[in-house]
Amino acid sequence: MEPTSGPAYRRILVKLSGAALLGRQSFGIDKEVLERYAKEIHSVVDAGVSTALVIGGGNIYRGIREASVNMTRASSDYMGMLSTMINAMALQDALEQRGLATRLQSSIAMEEIAEPFIRRRALRHLEKGRVVIFGSGTGNPYFTTDTAAALRALEVNAEILAKGTRVDGVYSADPEKDSSAIHYKRIAGEEVIRRGLRVMDMTAFTLCEESKLPIIVFDVNTPGSLLRIVQGAHVGTMVHWDT
């Protein structure tokens, strides 16, 4: 797809990697990465695109993972949800320092720091041009932030789900381990399933499949990539559901 004169999408949900916020650190949030995230999002908003965000918590949760080894899965997952809220708050602050209007919504009650997730309120915020950040996953254990991203994208009528990762799209194998891995510019969702490629967890992937929500997997660390996506340029890999 070639770039268009206006945005190719009116509304987008971006799933950002929490682990990528580590940057060059072993734990926590790298200020430079956070500011780069904010700059990328700002450019998309300036392009006139209604923007919603979900961010993972890997950079925070990684530091406490050893402590959760003997915990129940539910307790461990709730800790992960709280990690996403730390990142969401940091991202909200970085965006607001750039002059953007934002709203943070949480699936777990945290009324002192975030609104509860209410679909109609989220839609209203987006209609008013505010960036809406969805924190604490789905609010339920046993579900990933990928699933939260797919769910929220569908709930707010996003036209595409853009998943930022450490690699520039979908490959036939892990490119960090296999130098012969083949990069796909465009691939059908059915082919992803047939080949067992890792794009999102299956719950998230199934949600997108059922609603024919396209997914773009891109390198979140490449400057300007998010803006190019909303302009309609080819970036990363497009996962489509065309028959």
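All values reported here derive from a predicted model rather than from experimental measurement.

**Some details on the layout of surface pockets**
There is about 1,600 Å³ of room inside the largest pocket. Considering the residues around the largest pocket, the lining is formed by 50 residues, among which Lys15, Ser17, Asp146, Lys163 and Arg198 are closest to the centre. Those elements that place two or more of their residues in the lining of the largest pocket are helix 2 (58-61), helix 3 (73-97), helix 5 (145-155), strand 6 (160-165) and strand 7 (170-171). In terms of residue count, the dominant contributor to the lining of the largest pocket is helix 3 (6 residues).

**Focus: the environment of Val170**
Mapping Val170 onto the fold places it in strand 7. Assessed through its relative accessible area of 2%, Val170 is described here as buried. The spatial distance from the C-alpha of Val170 to the C-alpha of Ala181 is 9.6 Å, given a sequence separation of 11 residues. Non-local contacts of Val170, meaning those with residues more than four positions away in its chain, are made with Ile182, His183, Tyr184, Leu197, Val199, Val217, Thr237 and Val239.

**Quick notes on the nonpolar core**
Within the largest apolar cluster, 38 residues are counted, with the highest numbers of intra-cluster contacts made by Ile12, Tyr37, Ile41, Leu91, Leu95, Phe218 and Leu226. At the level of secondary structure, the elements contributing two or more residues to this core comprise strand 1 (11-16), helix 1 (31-46), strand 2 (50-55), helix 3, strand 5 (131-135), strand 6, strand 10 (215-219) and helix 8 (225-230). Residue contributions to this core peak at 7 residues, all from helix 1. Residue contacts for Leu91: discarding those within four places in its chain leaves Leu16, Leu34, Tyr37, Ile41, Leu53, Ile55 and Ile133. The next biggest cluster of nonpolar side chains, apart from the first, holds 29 residues, and it includes Leu13, Phe134, Val156 and Val199.

**What about helix 3?**
The periodicity of an α-helix, 3.6 residues per turn, causes residues three or four places apart in sequence to face the same way. With 25 residues, helix 3 ought to run about 36 Å at 1.5 Å a step, and its terminal C-alpha atoms sit 37 Å apart, in line with that. Looking one or two residues past helix 3, Gly99 carries a phi angle of roughly 90°, positive in sign.

**Details of helix 4 (residues 119-127)**
All of the buried residues along helix 4 are Ala122, Leu123, His125 and Leu126. Looking straight down helix 4, one finds that the buried residues subtend no more than 160° of arc, so they occupy a single side. Opposite the buried face of helix 4, by more than 90 degrees, sit the exposed residues Arg120 and Glu127. Buried residues in helix 4 make contact with strand 1, strand 2, strand 3 (102-106), strand 4 (115-116), strand 5 and helix 5. In the segment just after helix 4, Gly129 is the residue with positive phi, at about 85°.

How each quantity is defined
- Residues numbered from 1 in each chain as written.
- Predicted model: local features only at pLDDT ≥ 70, side-chain atom pairs only at ≥ 80, totals over all residues.
- Heavy atoms only, no water.
- 1 Å grid on protein atoms, 1.4 Å probe; cavity = no way out; pocket = protein on both sides within 12 Å on 5 of 7 lines; lining within 4 Å.
- Points joined across faces, edges and corners; volume = space filled by probe spheres on them.
- Helix = DSSP H or I, 4+ residues; strand = E, 2+ residues; numbered from the N terminus.
- Buried < 20%, exposed > 50% of the residue type's maximum accessible area, 1.4 Å probe, protein only.
- Contact = heavy atoms within 4.5 Å.
- Core = buried A, V, L, I, M, F, W, Y, C linked by side-chain atoms within 4.5 Å.
- Expected span 1.5 Å × (residues − 1).
- Arc of directions from axis to C-beta.

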